[in-house]
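Chain and residue survey
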Amino acid sequence: MPILTVSDLRTSFHTRNGVYRAVDGVSFDVGRGETLGIVGESGSGKSVTCYSLMGLIPQPPGKIESGTAIFDGIDLLHCTPKQSRSIRGKRIAMIFQDPMTSLNPYLRVSDQLIEPLLIHESVSRKDAIKRGVEMLNAVGINDAEKRIHYYPHEFSGGMRQRVMIAMALITRPELLIADEPTTALDVTVQAQILELIRKLQKEIGMAVIFITHDLAVVSGLCDRVQVMYAGRIVETADTKTIFQNPKHPYTRALQRSIPALQPKGGELYTIKGMPPDLSKPIAGCPFAPRCEYAAEKCYLITPALEPVPGEPLHAHACLRAQLGEIS
Amino acid sequence: MESSMREPIIELRDVKTHFPVYSGFLFRKQTGAVKAVDGVSLTIGRGEVLGLVGESGCGKSTLARTIMQLVPTTAGAVILEGKNLSEGSSSEIRDVRRDLQMVFQDPYASLNPRKTVYDTICEPLLVHRVCAPADAPARVAELMNIVGLAPRFMKKYPHEFSGGQRQRIAIARALALDPKVIIADEPVSALDVSIQGQILNLLAQLGRERNLSLIFIAHDLSVVKHISDRVAVMYLGKIVELGPAVNVIDHPRHPYTRALISAIPKPDPVTERVRQRIMLPGDPPSPINPPRGCTFHPRCPYAIEACKAAFPPMIPVGPGQEAACIRVNEI
């Protein structure tokens, strides 16, 4: 029984230069306690997908054109503001990419950290602070009793991201959405934060949607991965399959571009061309102009996300691979 | 090719760059200094690609700016082809900049949004009077071709280009004066994976074709391994390990380099789940008040009492490879 089921989500931005279809028909689900990775380049729609679920798309210029997102029986996209307030920050929490700008510099960490508790649970300020200190200890901040009263600028980048995680998890949410939580951090700190998310997920038993552009980060953390391109999901599978038996040419190309997997000294493999302009209608497969396997029909028929026969978790949207023309 | 076989082009002799810290309002006194670069000695050969890695705040960007003389050197010498830049007058330094160019991290911030591509690439040509104004358009077109941009985009503004294309413009601007050394400060960190490769290939190709020396600063070690001949690892303003790229990254010797490399996630779901990582406790200490002795000892799993005594000298640990750790041969 999935905790979140998204179907046919379409989000677009109406600007002076045209309508950008940032998310163009995305359907997926997340099981209880599962970690789902969403991988894609900038502009692929991975963040907009999650912002749409959380109601964080500014409208206008943004508009959720269609779709449903059922979280435990409630449609997040069509529920009343009161329902949505009771879910966001309590049962679904989010961590953002940049810990430097997501904390309010004017407020002490204590005020920001316990805010979700004061709003969602009837606890006294004193008890809330006590739980805040416990949470800071859990995310590995020493001397938490003193530090909880500090201002954000008194923490380093890694510490601030820990504060963000503590703030997101203080209400013990059932689903955590992490939007590139380690991109702005150093590798050593990234390793600490990933380990922390892994540990807390086990303790709380929450589901995680982990958005990243880095395939390597996904490999150790996620149960399942979906790859997005130009606002659509092009391939989804369990992590092992995505790495060992990718079917969609874009997934393969993305994997081949990782410098660590390429021999030293030679030319690095690159994907030729650039992602398509989302304000123009895309005929056929959005990846076709950059794909080395593209045939004439790829420019005419829009491929659907079809499951791979015999692999229930694995689906991809490549016409030629579905027809068995490329293996 | 080993660095010892190359003719040296830049030599750093115990370079220090400190930024003063003041306190008090009425009677401002210098109360300390941020030791951003604290005693770096290094030689870079002609045509060599040197990778410079380390966490944020370790001083790698300040070192780059010190070499460029964008910040004054506190002590030590930066020597470019026999000329000591740290003692040069500002007009001498301006002349030297012709040989020394820089590409910055964020192509969205490093290009002037009010200047066309032509103006941007043309400016160094006119400032340094390397070509007559009448010949400038032809030279700009040539430079744009070299970096893989069509010259017909000459009259466009930076906002009309993607991140990768902007970085190409920044590279064309750096190449305009035919420099001997290019310092690239995280040139691909702001770009997507598929675009990163294109820029790295371009830099590697330019280095080969023009016998350019390249100082390549990055925090992504797999990128550094790919492009560099040698790698220098910095921690808190000092170089802790130096050696051929493949040796340093595949067989790191200094405990800090080991931890740094162990922290990189591997794109392999099978080994990644069972792999033992070396987790470093805490954050790097403040460069205002660095720990005594070896600056890494408070976070080092191998630290002993002797590590607190003095910063260790570079000890040779292999062909061309050296590490600043007194226990390097025991661990």
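Residues numbered from 1 in each chain as written. Chains lettered and ligands numbered in written order. Predicted model: local features only at pLDDT ≥ 70, side-chain atom pairs only at ≥ 80, totals over all residues.

Right, let's talk about the domain arrangement of chain A for a bit. How big an interface is tends to be reported as the loss of accessible area on association of its parts. Residues and elements named next belong to chain A. The domain boundaries assigned to chain A delineate domain 1 (2-91 + 172-262) and domain 2 (105-170). Between domain 1 and domain 2, the residue contacts involve 14 residues of the former and 12 residues of the latter. Take the side of domain 1 that touches domain 2: its biggest share by element is 6 residues, from helix α7 (residues 187-204). Residues that form the side of domain 1 that touches domain 2 fall into these classes: 10 nonpolar, 2 polar and 2 charged. (Domains from an automatic or database assignment. Contact = placed C-beta atoms within 7 Å. Helix = DSSP H or I, 4+ residues; strand = E, 2+ residues; numbered from the N terminus. Nonpolar A, V, L, I, M, F, W, Y, C, P; charged D, E, K, R; others polar.)

With that settled, consider helix α4 (residues 136-146) of chain B. All names here are of chain B. For α4, the full list of buried residues reads V140, L143 and M144. Along the axis of α4, the buried residues cluster in a sector spanning 100°; they form a single face. Among the exposed residues of α4, those pointing more than 90 degrees away from its buried face are A138 and N145. For α4, the secondary structure elements touched by its buried residues are α3 (117-127) and α5 (163-175). Directly beyond the C-terminal end of α4, a positive phi value near 85° is found at G148. (Buried ≥ 20, exposed ≤ 12 C-beta atoms within 10 Å, placed from the backbone. Arc of directions from axis to C-beta.)

Another point: the sheet that holds strand β2 (residues 29-45) of chain B. Residues and elements named next belong to chain B. Spatial strand order, β2-β1-β4-β5: 4 strands in an open sheet with antiparallel pairing. The sheet terminates laterally at β2 and β5 (83-84), the two strands that pair on one side only. Relative to β5, strand β4 (residues 75-80) runs antiparallel, the two being bridged by 2 bridges. Directly across from L80, in β5, lies its bridge partner K83. The sheet contacts of helix α1 (residues 60-67) involve β1 (8-23), β2 and β4, and relative to β2 the element is tilted by about 75°. (Pairing = 2+ DSSP bridges. Axes fitted to C-alpha atoms, helices over the stretch in contact; angles between N-to-C directions.)

Listed per partner, the contact involves 34 residues of chain A and 32 residues of chain B. Elements represented by at least two residues in the side of chain A that touches chain B include exactly α7, α8 (215-221) and α9 (239-244) of chain A. Counting residues per element, the side of chain A that touches chain B draws most heavily on α7 of chain A, at 6 residues. Among the residues forming the side of chain A that touches chain B, the class breakdown is 15 nonpolar, 13 polar and 6 charged.

Moving on to the nonpolar core. The nonpolar side chains of a soluble globular protein tend to be buried, and buried together. Counting 185 residues, the largest nonpolar core has A166 and I209 of chain A together with I215, F216 and V233 of chain B as its most contacted members. No other element matches the 8 residues that helix α6 (residues 157-169) of chain A contributes to this core. Two domains each put at least three residues into this core: domain 1 (2-91 + 172-262) and domain 2 (105-170) of chain A. Once residues lying within four places of it in the same chain are set aside, the contact partners of I215 of chain B are I44, L50, L52, A64, V181 and I183 of chain B. (Core = buried A, V, L, I, M, F, W, Y, C linked by C-beta atoms within 7 Å.)

We now examine the packing of helix α3 (residues 109-120) of chain A against α6 of chain A. A pair of packed helices can be characterised by two numbers: the angle between their axes and the separation between those axes. Residues and elements named next belong to chain A. Running from N to C, α3 and α6 point in directions that differ by 30°, and their axes come no closer than 7 Å. When the axes of α3 and α6 are compared, the pair comes out roughly parallel. Judged by residue contacts, V109, Q112, L113 and P116 of α3 engage V163, A166 and M167 from α6. For the contact of α3 with α6, the class distribution of residues is 6 nonpolar, 1 polar and no charged. (Parallel < 35°, antiparallel > 145°, perpendicular 65-115°, else oblique.)

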